[in-house]
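# A structural walkthrough
Listed below, chain by chain, are the residues.
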Amino acid sequence: MYDNDELAVLNEYENAIEASMIKGVLETNGVPAMLTNEIMSTVLSLAPVNYGMVRVLVFRRDLDLARKILDSKPIDN
């Protein structure tokens, strides 16, 4: 059984910019998020094997909500 307070990987991105945008969308919608490996993605961006994937982490209790947020479409004004 999982602990709802443990961190879970929501997704991995090739660069810190994209991962930061995802983090911002989640946090704007009330889901705390954090990034791992931001610096390595920048340093190793030209490596032949991408060791620098940036992971977006959320609390396990927020994982389903985070997925719904990312799958949703913006509301037209």
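The coordinates are above.
In this text, all values refer to a predicted model and were calculated from it rather than measured experimentally. (Residues numbered from 1 in each chain as written. Predicted model: local features only at pLDDT ≥ 70, side-chain atom pairs only at ≥ 80, totals over all residues. Heavy atoms only, no water.)

### So, the packing of aromatic side chains
A complete count under the given rule lists 0 aromatic pairs for this structure. If you follow R61 out to its NZ or CZ, it ends over the ring of F59, 4.4 Å from the centre. (Phe/Tyr/Trp six-rings, centres within 6.5 Å; stacked < 30°, edge-to-face > 60°. Lys NZ or Arg CZ within 6 Å of the ring centre and 35° of its normal.)

### Considering the pairing of strand 3 (residues 54-59)
The side chains of a regular strand alternate between the sheet's two faces. With 6 bridges connecting them, strand 1 (residues 7-13) and strand 3 associate as antiparallel partners. Within the sheet, the bridge partner assigned to V9 lies in strand 3 and is L57. Where strand 2 (residues 33-36) and strand 3 come together, 4 bridges link them in antiparallel fashion. Note on strand 3: the bridge partner recorded for A33 is V58. (Pairing = 2+ DSSP bridges. Helix = DSSP H or I, 4+ residues; strand = E, 2+ residues; numbered from the N terminus.)

### Describing the pattern of salt bridges
Side chains bearing opposite charge may pair, as long as their charged atoms lie close to each other. Applying the stated rule across the entire model yields 4 salt bridges. Close ionic contact of R60 with E6 constitutes a salt bridge, the shortest N to O distance being 2.9 Å. With a gap of 54 residues between them, R60 in the loop between strand 3 and helix 3 (63-71) and E6 in the segment before strand 1 connect regions that are remote in the sequence. The class for R60 is partly exposed, based on a relative accessible area of 23%. Among the salt bridges present, the one from E12 reaches R55, with a minimum N-O distance of 2.9 Å. One end of the pair, E12, is in strand 1; the other, R55, is in strand 3, and 43 residues separate them in sequence. Judged by its relative accessible area of 32%, R55 falls in the partly exposed class. (Salt bridge = Lys/Arg side-chain N within 4 Å of Asp/Glu carboxyl O. Buried < 20%, exposed > 50% of the residue type's maximum accessible area, 1.4 Å probe, protein only.)

Purely spatial values, then, with no claim about function.
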